[in-house]
Amino acid sequence: MGMRKIAPVFILAFCLAAGLPGCAYSPPANETAYIYADFTCANPAADEKSAVRQYEINYAGELTPALLTGALSDLTGLDFFCTAEVSPGAVRVDWNGVSTLIVGLDDRPQKDDFRFEDADSLNWFMMDSLYRTLRANFADCEVYYTMLGGKPLITAGAGQKFPVDEPYRGGVYYLNAQEDPAQTSPDGGVPAAAPNRYIDRRNNITFTYPNTFSLDGRVNSDTGRVEFLSRQEDAVLSFWVEPNEEGETPQEFLDRLPQSDARITWPYDNSDTRVVIFAETASGPNGQQRGRAYQFVVQPERVIGVCVDCAPDRLDYWYSLIGADFSVIELID
């Protein structure tokens, strides 16, 4: 199957909705949404490419899965052909038999930024990109994948069968499970992924964190922090270590944190703990509002920081999770 003709997303959406032949007129595109190209499990062609790339699209009218899959197709040159049913808390996607996920690349020319050498990387890219895009645009919904009218999705490249009654969990989950056969669910089903680990050899620290975030940490050149991208939503987990130059106690450290629009917790209701939990809403680098939930471990010689940067409406969720048991920080012998 050849490459589909690329057209502006908002014009396509209006033509489909209005059913007007030729679509001589389209209203101004006054709404914004984001689609995601997720290479986390797809072996990106160049090291400098980000694992997850965000693209802004403009549209008019209702935001639908069809509009998002059309935008992904236009962006990547791959056919994200599927039907999708939206219900409270879930989007059920049925992949079409002529989608690139099912039939493969055929003889189409590949775009330089979306080039795949094998079916495995292609499949994970398509499933993860649509998964991330839908969850970002439909209120953190669960995404269910089927194919050919409701049959379990089976992809030759990923070598995985996805049950119709279980939500898709992102490629990192399944790849972790394959790499650790000792971990299985109680009923002997799909193995459960272990928590991820990052080794900070400079500071002799092992940082263990939830497997909802990516395995590969990337250093942010502006902040120097190691960042892990979320597999489920538009969120970033970061980790860093800085010297406690003044030898501050946890209470002294807490006292100099911004107090306006902030929430602060002492875990275990114990003010002697060295762990401080802190949350705030602040402006991101592009001026957009972001929520930030922090966990600080204040030691006499250093402060270890953990932060989840998220959409403001998800701050309460991450603030409730980032307590003292959210991550494990251990010294390396």
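Our subject is the structure listed above.
Residues numbered from 1 in each chain as written. Predicted model: local features only at pLDDT ≥ 70, side-chain atom pairs only at ≥ 80, totals over all residues. Heavy atoms only, no water.

J.: Explanation requested: the overall build of the chain in the structure shown.
T.: Looking only at helices and strands, the chain has 7 helices and 17 strands in total. Split into buried and exposed, the 333 residues of the chain put 45% on the buried side. Approximately 16700 Å² of the chain is accessible, and the part contributed by carbon and sulfur atoms is 50%. (Helix = DSSP H or I, 4+ residues; strand = E, 2+ residues; numbered from the N terminus. Buried < 20%, exposed > 50% of the residue type's maximum accessible area, 1.4 Å probe, protein only. Areas by Shrake-Rupley, 256 points an atom, 1.4 Å probe, with all protein chains shown as cover.)

J.: I'm lost on the pairing of strand β8 (residues 196–200) in this one. Help?
T.: In summary, the side chains of a regular strand alternate between the two faces of the sheet. Bridge analysis of β8 against strand β9 (residues 205–209) gives 5 bridges, and the strand direction is antiparallel. From the neighbouring strand, Asp200 faces β9, where its bridge partner is Ile205. (Pairing = 2+ DSSP bridges.)

J.: Any chance you could explain the sheet that holds strand β4 (residues 90–95) here in plain terms?
T.: The strand order across the open sheet built from 5 strands is β3-β4-β5-β6-β7, with neighbouring strands paired in mixed fashion. In this open sheet, the two strands that pair with only one neighbour each are β3 (82–87) and β7 (160–162). Taken pair by pair, the neighbouring strands of this sheet meet at an average axis angle of 35°, ignoring direction. With 2 bridges connecting them, strand β5 (residues 142–147) and strand β6 (residues 151–155) associate as antiparallel partners. If you follow Thr146 over to β6, its bridge partner there is Pro152. Each of β3, β4, β5, β6 and β7 touches helix α4 (residues 119–137); the most contacted strand, β5, lies at about 140° to it. (Axes fitted to C-alpha atoms, helices over the stretch in contact; angles between N-to-C directions. Contact = heavy atoms within 4.5 Å.)

J.: What is the right way to look at helix α2 (residues 65–76) in this model?
T.: Residues lying three or four places apart along an α-helix face the same way, a consequence of the helix completing one turn every 3.6 residues. The first and last C-alpha atoms of α2 sit 16 Å apart over 12 residues, in line with the 16 Å expected at 1.5 Å per residue. For α2, the complete set of buried residues consists of Pro65, Leu67, Leu68, Thr69, Gly70, Ala71, Leu72, Ser73, Asp74, Leu75 and Thr76. Remark: Gly77 follows α2 within two positions and exhibits a positive phi of approximately 80°. (Expected span 1.5 Å × (residues − 1).)

J.: Would you take a moment to explain the pattern of salt bridges for this structure?
T.: The full count for this structure, using the stated rule, is 10 salt bridges. A salt bridge links Arg108 to Asp106; the nearest nitrogen and oxygen atoms lie 3.3 Å apart. The buried category is assigned to Arg108, whose relative accessible area is 6%. According to the relative accessible area criterion, Asp106 is partly exposed, its value standing at 35%. Several salt bridges converge on common partners, so that one network encompasses Asp234, Arg290, Arg292 and Asp309. (Salt bridge = Lys/Arg side-chain N within 4 Å of Asp/Glu carboxyl O.)

J.: Help me understand the nonpolar core in this model?
T.: Soluble globular proteins tend to bury their nonpolar side chains together. The biggest cluster of nonpolar side chains holds 43 residues, and the ones touching the most others in it are Val93, Trp95, Phe125, Leu130 and Tyr145. Going through the elements one at a time, β1 (31–38), β2 (52–59), α2, β4, α4, β5 and α5 (171–179) are the ones with two or more residues in this core. With 8 residues, α4 is the single largest residue contributor to this core. Residues contacting Tyr145, with those up to four places away along its chain left out, are Val93, Trp95, Met127, Leu130, Tyr131, Leu153, Phe162, Pro163 and Tyr168. Counting residues in each nonpolar core, the second largest holds 23 residues, with Ala279, Ala293, Ile322 and Phe326 among its members. (Core = buried A, V, L, I, M, F, W, Y, C linked by side-chain atoms within 4.5 Å.)

J.: Would you take a moment to explain empty space enclosed by the protein for this structure?
T.: A water-sized probe rolled over the atoms picks out the places where empty space is left. The full count for this structure, using the stated rule, is 1 cavity of 30 Å³ or more. When its volume is computed, the largest cavity comes out at roughly 60 Å³. Lining the largest cavity are 10 residues; nearest its centre among them are Lys161, Phe162, Pro163, Glu166 and Tyr174. Among the elements that line the lining of the largest cavity, the one with the most residues is β7, at 3 residues. Residue composition of the lining of the largest cavity, by class: 7 nonpolar, 1 polar and 2 charged. (1 Å grid on protein atoms, 1.4 Å probe; cavity = no way out; pocket = protein on both sides within 12 Å on 5 of 7 lines; lining within 4 Å. Points joined across faces, edges and corners; volume = space filled by probe spheres on them. Nonpolar A, V, L, I, M, F, W, Y, C, P; charged D, E, K, R; others polar.)

J.: Would you mind going over unusual backbone geometry with me for this structure?
T.: Excluding glycine, residues mostly have negative phi values, and the peptide bonds linking residues are mostly trans. Notably, Asp106 is not glycine yet its phi reads approximately 50°, a positive angle. Along the chain, Asp106 turns up in the loop between α3 (100–103) and α4.

J.: So what exactly am I meant to see when it comes to the packing of aromatic side chains here?
T.: Two measures describe an aromatic ring pair: the distance that separates the ring centres and the angle between the ring planes. Summed over all chains, the structure comprises 22 aromatic pairs. Between Phe207 and Tyr209 the ring centres are 5.3 Å apart and the planes differ by 25°, which places this aromatic pair in the stacked class. Each residue in the set Phe80, Trp95, Trp124, Tyr131, Tyr145, Phe162 and Tyr168 is aromatic and connected to the rest through ring pairs, giving one cluster. Here Arg53 stacks its cationic end above the ring of Phe114, 5.6 Å away from the centre of that ring. Above the plane of the ring of Tyr317 lies Arg314, whose end atom (NZ or CZ) is 4.0 Å from the centre. (Phe/Tyr/Trp six-rings, centres within 6.5 Å; stacked < 30°, edge-to-face > 60°. Lys NZ or Arg CZ within 6 Å of the ring centre and 35° of its normal.)

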